[in-house]
Amino acid sequence: MGSDSEAEKSAHKEKERKKMLALAPIAKPLAGKKLCKRTLKLVRKAAEHKCLKRGVKEVVKSIRRGHKGVCVIAGNISPIDVITHVPILCEEADIPYVYVPSKEDLASAGATKRPTCCVLVMTKPAKGELEKGEQEKLKSDYDQVVTEINEIAATLF
């Protein structure tokens, strides 16, 4: 019985190791385990409240239109040329961005079946309004993730 859990743990570690090997060399700032969990949780909440833009095309369009938020980019994209312009757009628009190790995890958090390259988490939905309590809860999670991203970015640059 103990060997099953050991086998599962080793399989999980092997899976994590493969994710890290598939990372692109430009995937910086990369979220650690804790920040990655918190970020994906924020993406999940934003998807429930329709405060999320999915995919490169939608994210770029939103950034160019002046929408603000947090950009979450998958680090294991191949070819990497698909997303290399997104961090530059984010920096020009003063939008914090962070890389997560897996596009599959990002897609499942964003409530889609297809792997997603990047998402833009906004504080307000594109259409309509949120309830006051839910808006504050989303905003507090958002602020917490943004401060952690800014701390990581400050150590890099």
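Just so it is clear, the structure is predicted and the values come from calculations on it, not from any experiment.

Regarding the sheet that holds strand β1 (residues 52–54)
Piece 1. An order of β1-β4-β2-β3 is seen for the four strands of this open sheet, with the pairing classed as mixed. Single-partner strands in this sheet number two, and they are β1 and β3 (97–100). Ignoring strand direction, the axes of neighbouring strands in this sheet form an average angle of 20°.
Piece 2. Those strands touched by helix α6 (residues 132–156) are β2 (70–74), β3 and β4 (118–121), and its axis lies near 65° from that of β2.

Topic: the side chain of T39
Piece 1. Examined against the element boundaries, T39 turns out to sit in helix α2 (residues 33–48).
Piece 2. Judged by relative accessible area, T39 falls into the buried class, the value being 0%.
Piece 3. Beyond its immediate sequence surroundings of up to four residues, T39 is in contact with V72, V98 and V145.

So, the pairing of β2
Piece 1. For β2, a buried count of five out of five residues is recorded, marking the element as mostly surrounded by other parts of the structure.
Piece 2. Neither face of β2 is exposed, since V70, V72 and A74 on one face and C71 and I73 on the opposite face are all buried.
Piece 3. Pairing of β2 with β4 involves four bridges; the strand directions are antiparallel. When the bridges of β4 are listed, C71 appears paired with L120.
Piece 4. Of the pairings in the sheet, the one linking β2 to β3 comprises four bridges and is parallel in character. Bridging from a neighbouring strand, V72 pairs with V98 of β3.
Piece 5. In the classification by handedness, the crossover that spans β2, the intervening helix α4 (residues 86–92) and the parallel β3 is right-handed.

Some points on the pattern of salt bridges
It is possible for side chains bearing opposite charge to pair when their charged atoms get close.
Piece 1. Enumeration over the complete set of coordinates arrives at three salt bridges.
Piece 2. The residue K139 makes a salt bridge to D143 at a minimum N-O spacing of 3.6 Å. Of this pair, K139 and D143 are both found in helix α6, four residues apart, which corresponds to roughly one turn of the helix.
Piece 3. Taking the relative accessible area as the measure of exposure, K139 reaches 35% and is therefore partly exposed.
Piece 4. Taking relative accessible area as the criterion, D143 reaches 34% and is therefore assigned partly exposed.

Examining the side chain of K53
Piece 1. Turning to its location among the elements, K53 is positioned in strand β1.
Piece 2. Residues contacting K53, with those up to four places away along its chain left out, are E58, V59, S62, C118, V119, L120, M122 and A126.

Some remarks on α2
Piece 1. Relative to the 22 Å expected for 16 residues at 1.5 Å per residue, α2 spans 23 Å between its end C-alpha atoms, a close match to the ideal helical length.
Piece 2. In this structure, the buried residues of α2 make contact with β1, β2, β3, α5 (103–109), β4 and α6.
Piece 3. Trailing α2 by a residue or two, K50 shows a phi angle of about 60°, which is positive.

Topic: the environment of T116
Piece 1. With respect to the helices and strands, T116 occurs in the loop between α5 and β4.
Piece 2. Considered as a pair, T116 and A154 are 38 residues apart in the sequence and their alpha carbons are 27 Å apart.
Piece 3. Not counting residues within four places of it along the chain, the set of residues in contact with T116 comprises R54, G55, A74, K103, L106 and A107.
Piece 4. Among the polar contacts listed, one links the side chain of T116 to the side chain of T112, at a separation of 3.4 Å.
Piece 5. Reaching out from T116, the side chain makes a polar contact with the backbone oxygen of R114 at a distance of 3.3 Å.

Reading the values: the criteria
- Residues numbered from 1 in each chain as written.
- Predicted model: local features only at pLDDT ≥ 70, side-chain atom pairs only at ≥ 80, totals over all residues.
- Heavy atoms only, no water.
- Pairing = 2+ DSSP bridges.
- Helix = DSSP H or I, 4+ residues; strand = E, 2+ residues; numbered from the N terminus.
- Axes fitted to C-alpha atoms, helices over the stretch in contact; angles between N-to-C directions.
- Contact = heavy atoms within 4.5 Å.
- Buried < 20%, exposed > 50% of the residue type's maximum accessible area, 1.4 Å probe, protein only.
- Right-handed = clockwise from strand over helix to strand, strands pointing away.
- Salt bridge = Lys/Arg side-chain N within 4 Å of Asp/Glu carboxyl O.
- Expected span 1.5 Å × (residues − 1).
- Polar contact = N/O pair within 3.5 Å; in protein donor to acceptor, adjacent residues only side chain to side chain.

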